[in-house]
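Overview (structure and organization)
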Amino acid sequence: MTGSGLPRQSSARRRRRSQWRGLAYIAPAMALVIVFFIMPVLFTGWMSLHSWPLMGASRWIGFNNYFRMYNDSRFITALNFTAYYTVIVTIAIFSVAFPLAIFVEKERQFVSAYRTIIFLPVVVGLATASLLWVWLANVDSGFIGPALKSLGLVAKSPNLLATFDTAFLTIVVMVVWKIAGFTMIILLTGLQAIPAELTEAARIDGAGRWQRFVHLTLPLMRKTIALALIVSVTGSILAFDQFYIMTAGGPQNKMISVVYYIFNQSFVSFNLGYGAALSIVLLAILVAISIVQLWLLRVGEDHP
């Protein structure tokens, strides 16, 4: 009994040492998550329960900041606009990125150059891209207006950022130009993971290009599409730079996103407590949307 007990004790000690070694490896990452995510979220939640001015002492008000949202028509308007923008820009990004991913997936001449050129706008910061497009859309010194005029599409150079429709379209085009290359790379990895044998077998069985795409490519890319969709939707909901830089929330304050509204409440009106409550609600919305997307991803999958 003594002899059989020693190996078990030795094995238990080795497992404990292995566990402590594993904890030591992940400790730096855990510390970063705790310091830069968990603690700020907890502090934001605490702020949201107070009337928290920029100067002076804070005052406990419970959930009054959250109740205030129900009667805040500007917040509801910002929420509706953000949802509208998210749907439009996500569809636009996928409409451009998916054909591009299919185009650069096959080995052909200069395909590496094509991939690089398409991906290049991704490395440009969003603020920088917004400033670039402000210049491009400038009615006097820009490029887009004079180009449209020289092509005979308009009688005179339009001010693209003066009305909601043209400004919104300009921002959507800018975001697609900026982000489509990143989404293309995500989708490209999914396309390249599909076994060539399956595609060849479907071709031999008489399946056309569209049939292969619908019944083979899309089902096998469910997880890749879900990842790209979550990234796109999350980024669109958190949109701020393009509206702040390109239109300053206009025209007529019709382009104020949720993050822009949180910024205004927190750092313009200095309602830090209310801004914190809005941030917590936005975080809850993002978590809920991600959970729904992941659940939809699992629908129809076979489980053992």
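Above this text is the structure in question.
Worth saying up front: this structure is predicted, and the values here are computed from it rather than measured.

To continue, consider the layout of surface pockets. As a volume, the largest pocket reaches approximately 510 Å³. Around the largest pocket sit 17 residues that line it, and Ile102, Glu105, Lys106, Thr199 and Thr217 are the ones nearest its centre. Put simply, the parts of the chain that give the lining of the largest pocket at least two residues each are helix H3 (73-105), helix H7 (164-192), helix H8 (196-204) and helix H9 (209-220). Looking at the lining of the largest pocket, the element that brings in the most residues is H9, giving 5 residues. Its residues assigned to classes, the lining of the largest pocket comprises 7 nonpolar, 3 polar and 7 charged. Space inside the second largest pocket adds up to approximately 310 Å³. As for the second largest pocket, its lining consists of 16 residues, of which Ile262, Ser266, Phe267, Gly275 and Ser279 are closest to the centre. Those elements that place two or more of their residues in the lining of the second largest pocket are helix H1 (2-47), helix H12 (258-267) and helix H13 (272-298). When residues of the lining of the second largest pocket are assigned to their parent elements, the largest contribution, 7 residues, is made by H13. Of the residues in the lining of the second largest pocket, the class split is 12 nonpolar, 4 polar and no charged.

Parameters at a glance
Sequence order as written defines the numbering, with residues in each chain counted from 1. Selection of residues for local features in this predicted model requires a pLDDT of at least 70, selection of side-chain atom pairs for listing and counting requires 80 or more, and totals for whole chains, interfaces and linings are taken over all residues. Heavy atoms from the whole structure form the basis of all side-chain values; hydrogens and water molecules are not counted. In this analysis, the protein atoms alone were mapped onto a 1 Å grid. Cavities are point sets where a 1.4 Å probe fits without being able to get out; pockets are open sets with protein on both sides within 12 Å along at least five of seven lines; lining residues have an atom within 4 Å of a point. Grid points are joined across faces, edges and corners, and a volume is the space filled by probe spheres set on the points. Strands here are runs of E lasting at least two residues and helices are runs of H or I lasting at least four, both read from the DSSP assignment and numbered beginning at the N terminus. Throughout this entry, Asp, Glu, Lys and Arg are counted as charged residues, while Ala, Val, Leu, Ile, Met, Phe, Trp, Tyr, Cys and Pro are counted as nonpolar. The remaining residues, Gly among them, count as polar.

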